[in-house]
Amino acid sequence: SQTIHQWPATLVQPVGSPLSLECTVEGTSNPNLYWYRQAAGRGLQLLFYSVGIGQISSEVPQNLSASRPQDRQFILSSKKLLLSDSGFYLCACTGQGDEQYFGPGTRLTVT
Amino acid sequence: ILNVEQSPQSLHVQEGDSTNFTCSFPSSNFYALHWYRWETAKSPEALFVMTLNGDEKKKGRISATLNTKEGYSYLYIKGSQPEDSATYLCAFGSNDYKLSFGAGTTVTVRA
């Protein structure tokens, strides 16, 4: 079964600083990969998804970007963080069925 | 962005009591409806993926029903236990493996 690793677990960054969150997946090959964000008091919002290396689809215009340099690696980045980027970031991959498996998440606070 | 709504936002239930809550979603172009359980300090965990109108799924004391024609699903918890305390998320799945999540129903089971 799939295992998803995310790091760091928590991060406090000042406004205007860069961001790099990493997600790696074990136990599957060629998965669909996803980045979600949960802002305070809100549901999970899909930010990016990828069906293969170098293939990224963005769901909402925002201050973030994503890359997939390897089959099981998904990176979320920003050049300059905004206060509104604060939230809980989850990486997910698809399983054998349509269900998604989630990583442990990164809590980002932009100050 | 699809409109997926869950109600109530939160509920408290006494240990041993049963409860249920709702997810409503667009009834057109239905593909799949997902339920996830998200416990504090853990990752969301898939409970059910439902695809057929009239589907009923069960996992232990938790079950779900699906009405695709009117666009709603119910999740039931029978004989609630403290370990059932969690946020329950529903998500509308499209045929390109993307999920649109509701904001969740947070269940607190009081001993």
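Above this text sits the structure in question.
Described below are features of the structure shown in this document. (Residues numbered from 1 in each chain as written. Chains lettered and ligands numbered in written order. Predicted model: local features only at pLDDT ≥ 70, side-chain atom pairs only at ≥ 80, totals over all residues. Heavy atoms only, no water.)

### Regarding the pattern of salt bridges
A pair can form between side chains of opposite charge whenever their charged atoms are brought close.
Then comes step 1: Across all of its chains, the model carries 8 salt bridges over all chains by this definition.
Then comes step 2: Across the pair Lys42(B) and Glu39(B) runs a salt bridge whose closest N-O atoms are separated by 3.9 Å.
Then comes step 3: Between Lys98(B) and Asp96(B) there is a salt bridge, with its nearest N and O atoms 3.5 Å apart.
Then comes step 4: The network of salt bridges with common partners includes Glu59(A), Asp96(B) and Lys98(B). (Salt bridge = Lys/Arg side-chain N within 4 Å of Asp/Glu carboxyl O.)

### What to know about the interface of chain A and chain B
Then comes step 1: Each partner contributes to the interface: chain A provides 19 residues, whereas chain B provides 17 residues.
Then comes step 2: By the criterion of area lost to chain B, the three top residues of chain A are Leu44(A), Asp98(A) and Phe102(A), representing 36% of everything that side buries.
Then comes step 3: Counting across the chain A and chain B interface gives 1 salt bridge.
Then comes step 4: Lys98(B) is the partner of Glu59(A) in a salt bridge, and the nearest nitrogen-oxygen pair spans 3.3 Å.
Then comes step 5: Between chain A and chain B we count 5 residue pairs in polar contact (both at pLDDT 80 or more) in total. (Contact = heavy atoms within 4.5 Å. Buried area = accessible area lost by both parts, 1.4 Å probe. Polar contact = N/O pair within 3.5 Å; in protein donor to acceptor, adjacent residues only side chain to side chain.)

### Considering the packing of aromatic side chains
Then comes step 1: On inspection of all chains with the given rule, the structure shows 16 aromatic pairs over all chains.
Then comes step 2: Taken together, a centroid distance of 5.9 Å and an interplanar angle of 35° make the contact between Phe88(A) and Trp38(B) tilted. Separated into two different chains, Phe88(A) in strand β9 (residues 87-94) and Trp38(B) in strand β4 (residues 32-38) make up a pair that spans both.
Then comes step 3: Residues Tyr74(B) and Tyr76(B) carry aromatic rings whose centres are separated by 6.0 Å and whose planes lie at 50° to one another, so their mutual orientation is tilted.
Then comes step 4: The exposure class of Tyr74(B) is partly exposed, given its relative accessible area of 27%.
Then comes step 5: A connected cluster of aromatic rings, assembled from ring pairs, spans Tyr34(A), Tyr36(A), Tyr49(A), Phe102(A), Tyr36(B) and Phe101(B). (Phe/Tyr/Trp six-rings, centres within 6.5 Å; stacked < 30°, edge-to-face > 60°. Helix = DSSP H or I, 4+ residues; strand = E, 2+ residues; numbered from the N terminus. Buried < 20%, exposed > 50% of the residue type's maximum accessible area, 1.4 Å probe, protein only.)

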